[in-house]
Amino acid sequence: MAELPVPELPAALSRCSGRFTISTLLGTEEGGWGPYAAAEGAGCDSAHPTHLSGSTLCTRTFGYNTVDVVPAYEHYANSKGVGDARKGRPSLADLHSILKVRWGLAMLPASPASPGRAADAGLEEVAGELGTAPTPEPVRFGWVKGVMIRCMLNIWGVILYLRLPWITAQAGIALTWLIILMSVTVTTITGLSISAISTNGKVKSGGTYFLISRSLGPELGGSIGLIFAFANAVAVAMHTVGFAETVRDLLQEHNSLIVDPTNDIRIIGVITVTVLLGISLAGMEWEAKAQILFFLVILVSFINYLVGTVIPATTEKQAKGFFSYRADIFAQNFVPSWRGPEGSFFGLFSIFFPSATGILAGANISGDLKDPAVAIPKGTLMAIFWTTMSYLVLSATIGACVVRDASGSLNDSVAVGLPGCEGLACAFGWNFTACAQQQSCRYGLSNYYQSMSMVSGFGPLITAGIFGATLSSALACLVSAPKVFQCLCRDQLYPLIGFFGKGYGRNSEPIRGYMLTYVIAVGFILIAELNAIAPIISNFFLCSYALINFSCFHASITNSPGWRPSFRYYSKWAALFGATVSVVIMFLLTWWAALIAFGIVIFLLGYVLYKKPDVNWGSSMQASSYNMALNYSVGLSEVDEHIKNYRPQCLVLTGPPNFRPALVDFVGTFTKNLSLMLCGNVLIGPRKQKMPESRLMADGHTKWLMKRKIKAFYTDVVAEDLRSGVQMLIQAAGLGKMRPNILALGYKRNWRTVSPQSLEDYVGILHDAFDFKYGVCLLRMKEGLNISQVIQAHVNPTFETAEHPEENGSTGGVPCRRRDPLAPAADPATLAGEQQASTVFQSEQGKKTIDIYWLFDDGGLTLLIPYLLGRKKRWGKCKIRVFVGGQINRMDEERKAIVSLLSKFRLGFHEVHILPDINQKPRPEHIKRFDDLIAPFRLNDGFKDEATVNEMRQGCPWKISDEEVDKNRAKSLRQVRLNEILLDYSRDAALIAITLPIGRKGRCPSSLYMAWLETLSQDLRPPVILTRGNQENVLTFYCQ
């Protein structure tokens, strides 16, 4: 632990006995003053308070004052990405480095009356003490009122009252139970998945959308959130129309229609949804009270039905097929009796399954729950259990009481055992044979949808139950849609919807969302015919179930350390099964609606993928990407390299990438979607000074590359000098087989004016690259590469000095400014948002030429890079020409030989030129220019012996002796002659690629080597790339 010097402590500290107690590990609410805060009392503090004064908690716990703090809730609240600053906890530098003391810091003592206050909230709380009214607490619900009752009401619907008896008659009690249990299996698995996801961290408002988006990411979460909110809005209309149709039927029975059957549905529906909107706008408290009222109505209706089954049947009820509990009726109804076009197992399953949905009603108001992590699992699973029991009890009881066919006529009563009477009712004194044979019976389970009302003790209570079921479902959907939509709007994944994200009141009610939902619901109510829309809505809900289950499976399978749900009773394989079954059921219900649902999801998914919103929720997709990258990287290490799979993987010495955009664009063009590109930067200076800058700027440089659409990594190292830093990069960059094999860098234009050691380091870097078996690609542009004087950002001394304006390819006459090393580094957001400079590699090249001077065989890299450039759209129209040296008397043979070789490489290079005059003597004025170029670097030793020369060159190894000039005369003149040839043949080319000459290490001084490169590439308008492979094949014409 890092300790602070503790002076003589006051007497008040006598209470701090140093014993370790439970209270010391509690948060600020239980443990007194907040840890590591400026507002701590002076009782246990050091004599001179600092901004890192140790807390009284630590003093009481460990017996001495320390910068370290004990664990507390505040240190982990609102946590974001790895490495972000945490509230209250000292940084590693505070503990590890020299502690900086800030004297005279204002100390705000915490009030003993409110020990739970964190010190960083001091200003707000002082304002509160001065008379500001505290914000009222929002209404929060527990698991019963907030989740269980809400889910049960949404699961129960008209199918419970009007279709379940009919399904029992068709499928029999046994298969009806199977249908119920199959449906409940899907919803139970989904409930378990919801429970796992909702207990893996703090759940906020947004319900289903929040759970899916924070688990799978914004792409799938956003698309599901939008269609789920819309489906809930249309479901309001569906349930309201169901209520309106029931009221319309009652009016028809009493001949009291308002206008006509269709318009009556519209009028009643609009009035009803307006009343429901008023309940919702009154607040969640009133909405919850209304839901409890509906819940009680349904319970009373259900009890009324159960009581009716044990009341002895009247004559009227017997005529309609009800005979109380009879074993033979149960036995007959236990087996199926299929009738009509819907008389099949999956036909009935598709009718029943929507009545098992609705389990997301509680999760959709997650922001209004006291403890969503407890309420959602407990309430959802209990709702599934109780509604399942109600379905099973209803199908079993009504199947044991009512026969399948009955006429309803009192005249059909007969004596028991009458000859010619067929059917089970004959044993009870009723003859329904005639209507059963003609299939004209109006009553019985198979024919009368209102069988529950007929069986019940008091029929109107069943009608009230139907009203309660439809209205409660409509109200739940009316609340769910705006809550989900509000969260989606606040995340700003889609345009033009942010207006609806505003919240009002203490519960942040989405009033604008309520009005939008109301408008959508009224629009669909006015259609008054929702048979075509209903299957799409069911598929939207099923799509949500599938993605919730897949979210749980995906989060489990990625093995992310962040997946730690406190709800343990789930299985990733069960979740996968639930997701698969949900998709299958979508197509079983309505295949065309399933296709529409998938089409909408894919469209919205594609939009978010295209827009790439700037959000980071730590989704399982991110964890999966890491897993895939790790597995493939490890797997790649097991594969032996082959020439056919050679890829130019480049370490690019860019410095800060925004300083040399042309170099970045050049390498990014031929490596994009093909191979590794790594932008390297060497920070020269003391490690202690440069490390904070490195951490701060790395993110900004990466974002700059992403904004420029360059698929590359950025890495930097801190070193004492340039060459040692590059050696670190060459040796350590990459991972496994994903390691650079080419060093790409810019040409050093100011080599004649920089310090001699800088020149020696630059050439030494090229030697180091060859020593480590790297290829080298050196880019020279007439206007230079470095644009650092244009942008006022941090200038890296690694790749430039400030004495000359044209160094490293910078342009203009304004010298580059050196930044104060103690000044704060540029903000990464500013760096990423700066205006992007355009370069020649970003523009269309047209029908120019790419000229390749393949003078020496380096393994084929000189050919490969221009070939890869030519495959890109901007360079695709360029004609590629290959120039090779040759003898004038063998030009045809040599040309044929090269053409044959190139054809075997399948590069598509057809234009080959032989240079017979490559060994001619250059013009005298060009030779003189070269001599003048090296004159300042000559030792002028007069051809003395080697020992004398070495003594004269002591401390200046870049100097060129007379003997070295003489020995390398032929090679020097070749560079002069090649420059003449380049000017003759390639003055108007789009790009020139030429084999890089190599200077022998220890035999060719750095100044002479740079003179060769300068002479070879001077006065050329097109970009010049000097390339040299590592003398190993990168091209092959074999297929194995």
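Scroll up for the structure.
Residues numbered from 1 in each chain as written. Predicted model: local features only at pLDDT ≥ 70, side-chain atom pairs only at ≥ 80, totals over all residues. Heavy atoms only, no water.

Enquirer: Before we go on, may I ask you to explain the nonpolar core in this structure?
Expert: Grouped together as the largest cluster of nonpolar side chains are 135 residues, with contacts concentrated most on Tyr161, Ile179, Ile224, Phe352, Tyr391, Val402 and Ile585. No other element matches helix α17 (residues 459–491), which puts 15 residues into this core. Setting aside anything within four residues of it in sequence, one finds valine 402 in contact with Gly321, Phe322, Ile329, Asn333, Gly444, Leu445, Met454 and Val455. (Core = buried A, V, L, I, M, F, W, Y, C linked by side-chain atoms within 4.5 Å. Buried < 20%, exposed > 50% of the residue type's maximum accessible area, 1.4 Å probe, protein only. Helix = DSSP H or I, 4+ residues; strand = E, 2+ residues; numbered from the N terminus. Contact = heavy atoms within 4.5 Å.)

Enquirer: Looking at this structure, I do not really get the pairing of strand β6 (residues 849–853). What am I missing?
Expert: A regular strand places its side chains so that they alternate between the two faces of the sheet. Most of β6 sits out of view: 5 of its 5 residues are buried. Taking every second residue as pointing to the same face, both faces of β6 are buried, with Thr849, Asp851 and Tyr853 on one and Ile850 and Ile852 on the other. The pairing of β6 with strand β7 (residues 879–885) spans 5 bridges and is classified as parallel. When the bridges of β7 are listed, aspartate 851 appears paired with arginine 881. Chirality of the crossover, the property in question, places the unit of β6, helix α28 (residues 861–870) and β7 among those that are right-handed. (Pairing = 2+ DSSP bridges. Right-handed = clockwise from strand over helix to strand, strands pointing away.)

Enquirer: So what exactly am I meant to see when it comes to helix α29 (residues 891–905) here?
Expert: Spacing of three or four residues puts side chains on the same side of an α-helix, whose turn is 3.6 residues. For α29, which comprises 15 residues, the first-to-last C-alpha distance of 21 Å matches the rise-based estimate of 21 Å (1.5 Å per residue) to within 8%. Inspection of α29 places Glu894, Ile898, Leu902 and Phe905 among the buried residues, and these make up the whole buried set. For α29, the angular spread of buried residues about the axis comes to 70 degrees, placing them on one side. In α29, the exposed residues that point more than 90 degrees away from the buried face are Asp892 and Lys896. On its buried face, α29 is in contact with α28, β7 and β8 (911–915). Once α29 ends, the next one or two residues include arginine 906, with phi positive near 60 degrees. (Expected span 1.5 Å × (residues − 1). Arc of directions from axis to C-beta.)

Enquirer: Would you take a moment to explain helix α33 (residues 969–985) for this structure?
Expert: If you check α33, its first and last C-alpha atoms are 25 Å apart, about what 17 residues at 1.5 Å a residue would give, namely 24 Å. Of all the positions in α33, only Ser972, Leu973, Gln975, Val976, Arg977, Leu978, Asn979, Glu980, Ile981, Leu982 and Leu983 are classed as buried. Buried residues along α33 sit in contact with β6, β8, α30 (924–934), β9 (991–995) and α34 (1006–1017).

Enquirer: I would appreciate a short explanation of the sheet that holds strand β1 (residues 650–653) in the present structure.
Expert: Backbone hydrogen bonds hold the strands of a sheet together, and the pairing may be parallel or antiparallel. Pairing within the open sheet is mixed, and its 10 strands lie in the order β3-β2-β1-β4-β5-β10-β9-β6-β7-β8. Here the strands that pair on one side only, and so sit at the sheet edges, are β3 (713–719) and β8. Taking each pair of neighbouring strands and ignoring which way they run, the sheet shows an average axis angle of 20 degrees. Where β1 meets strand β2 (residues 677–684), 4 bridges bridge the pair, whose relative direction is parallel. Bridge pairing in β2 links leucine 653 to glycine 680. Along the sheet, α29 contacts β7 and β8; its crossing angle with β8, the most-contacted strand, is approximately 140 degrees. (Axes fitted to C-alpha atoms, helices over the stretch in contact; angles between N-to-C directions.)

Enquirer: Just checking my understanding: could you explain the pairing of strand β5 (residues 775–780) for this structure?
Expert: β5 sits mainly inside the fold: 6 of its 6 residues count as buried. On β5, burial covers both faces: Gly775, Cys777 and Leu779 on one face and Val776, Leu778 and Arg780 on the other are all buried. Summarising the sheet, strand β4 (residues 742–746) and β5 pair through 5 bridges and their orientation is parallel. Pairing of alanine 744 across the sheet is with cysteine 777, part of β5. After leaving β4, the chain enters helix α26 (residues 756–771) and then returns to the sheet as β5, a path that is right-handed. Examined bridge by bridge, β5 and strand β10 (residues 1024–1028) share 5 bridges and lie antiparallel to one another. In the sheet register, cysteine 777 faces β10, and the bridge partner there is threonine 1027.

Enquirer: When you look at a nonpolar patch on the surface in this model, what are you seeing that I'm missing?
Expert: There is a patch of nonpolar side chains on the surface, built from Phe587, Trp591, Trp592, Leu595, Ile596 and Ile600 and spanning about 560 Å² of accessible area. Looking at the nonpolar patch, the element that brings in the most residues is helix α21 (residues 591–611), giving 5 residues. (Patch = residues over 30% accessible without salt bridge, like charges linked within 9 Å, V, L, I, M, F, W, Y side chains within 5 Å. Areas by Shrake-Rupley, 256 points an atom, 1.4 Å probe, with all protein chains shown as cover. Salt bridge = Lys/Arg side-chain N within 4 Å of Asp/Glu carboxyl O.)

Enquirer: Explain the packing of aromatic side chains to me, please; I cannot follow it from the model alone.
Expert: Each aromatic ring pair is summarised here by two numbers: the centre-to-centre distance and the angle between the ring planes. Using the criterion set out here, one finds 31 aromatic pairs in the structure. An angle of 85 degrees between the planes, with centres 6.0 Å apart, marks the rings of tryptophan 563 and tyrosine 570 as edge-to-face. Ring plane angle 35 degrees and centroid distance 5.9 Å describe the contact between phenylalanine 905 and phenylalanine 1037, whose orientation is recorded as tilted. Within this pair, whereas phenylalanine 905 is found in helix α29, its partner phenylalanine 1037 is found in the segment after β10, the two being separated by 132 residues in sequence. Judged by its relative accessible area of 13%, phenylalanine 905 falls in the buried class. The rings of Phe666, Phe670, Phe841 and Trp875 are connected pair by pair, giving a single aromatic cluster. Sitting over the ring of tryptophan 286, lysine 289 keeps its end group 4.8 Å from the ring centre. Note that lysine 502 overlies the ring of tyrosine 504, its terminal NZ or CZ placed 5.2 Å from the centroid. (Phe/Tyr/Trp six-rings, centres within 6.5 Å; stacked < 30°, edge-to-face > 60°. Lys NZ or Arg CZ within 6 Å of the ring centre and 35° of its normal.)

Enquirer: Help me out: how do you make sense of the state of the cysteines in this one?
Expert: Chemically, a disulfide is nothing more than a covalent bond linking the sulfur atoms of two cysteines. Scanning the entire structure with this criterion turns up 1 disulfide. Covalent S-S linkage joins cysteine 435 and cysteine 441, the inter-sulfur distance amounting to 1.9 Å. The sign of the S-S torsion, about 80 degrees, decides the handedness of the disulfide formed by cysteine 435 and cysteine 441: right-handed. Exposure remark for cysteine 435: the relative accessible area of 9% places this residue in the buried category. Cysteine cysteine 777 is unpaired, with the sulfur of cysteine 650 as its nearest cysteine sulfur at 6.9 Å. (Disulfide = S-S within 2.5 Å.)

Enquirer: In this structure, what is going on with the packing of helix α20 (residues 572–589) against α21? I would like to understand it.
Expert: When two helices pack together, their arrangement is given by the angle between the helix axes and the distance between those axes. Where α20 meets α21, the closest approach of the two axes is 5 Å, and the angle between their N-to-C directions is 130 degrees. In terms of axis orientation, α20 runs oblique to α21. Between α20 and α21, the residues in contact are Val583, Met586, Phe587 and Leu589 and Trp591, Ala594, Leu595, Ala597 and Phe598, respectively. Of the residues assigned to the contact of α20 with α21, the class counts are 9 nonpolar, no polar and no charged. (Parallel < 35°, antiparallel > 145°, perpendicular 65-115°, else oblique. Nonpolar A, V, L, I, M, F, W, Y, C, P; charged D, E, K, R; others polar.)

Enquirer: What should I look at first to understand the side chain of threonine 397 in this one?
Expert: Relative to the assigned elements, threonine 397 resides in helix α14 (residues 372–399). Only 2.6 Å separates the side chain of threonine 397 from the side chain of tyrosine 305, close enough to count as a polar contact. Each residue touching threonine 397, except ones within four places of it in the same chain, is listed here: Tyr305, Leu306 and Tyr325. (Polar contact = N/O pair within 3.5 Å; in protein donor to acceptor, adjacent residues only side chain to side chain.)

Enquirer: Would you mind showing me how to read the pattern of salt bridges here?
Expert: Opposite charge on two side chains lets them pair, provided their charged atoms get close. Throughout the structure, instances matching the rule amount to 22 salt bridges. Across the pair lysine 703 and aspartate 699 runs a salt bridge whose closest N-O atoms are separated by 3.4 Å. You can see lysine 703 and its partner aspartate 699 sitting in helix α24 (residues 687–707), 4 residues apart, about one turn around the helix. The shortest N-O distance in the salt bridge between arginine 752 and glutamate 1014 comes to 3.9 Å. Of this pair, arginine 752 sits in the loop between β4 and α26 while glutamate 1014 sits in helix α34; the two residues are 262 residues apart in sequence, bridging distant segments of the chain. Exposure remark for arginine 752: the relative accessible area of 44% places this residue in the partly exposed category. A relative accessible area of 5% places glutamate 1014 in the buried class. Here the residues in one salt-bridge network are Arg752, Arg780 and Glu1014, joined through shared partners.

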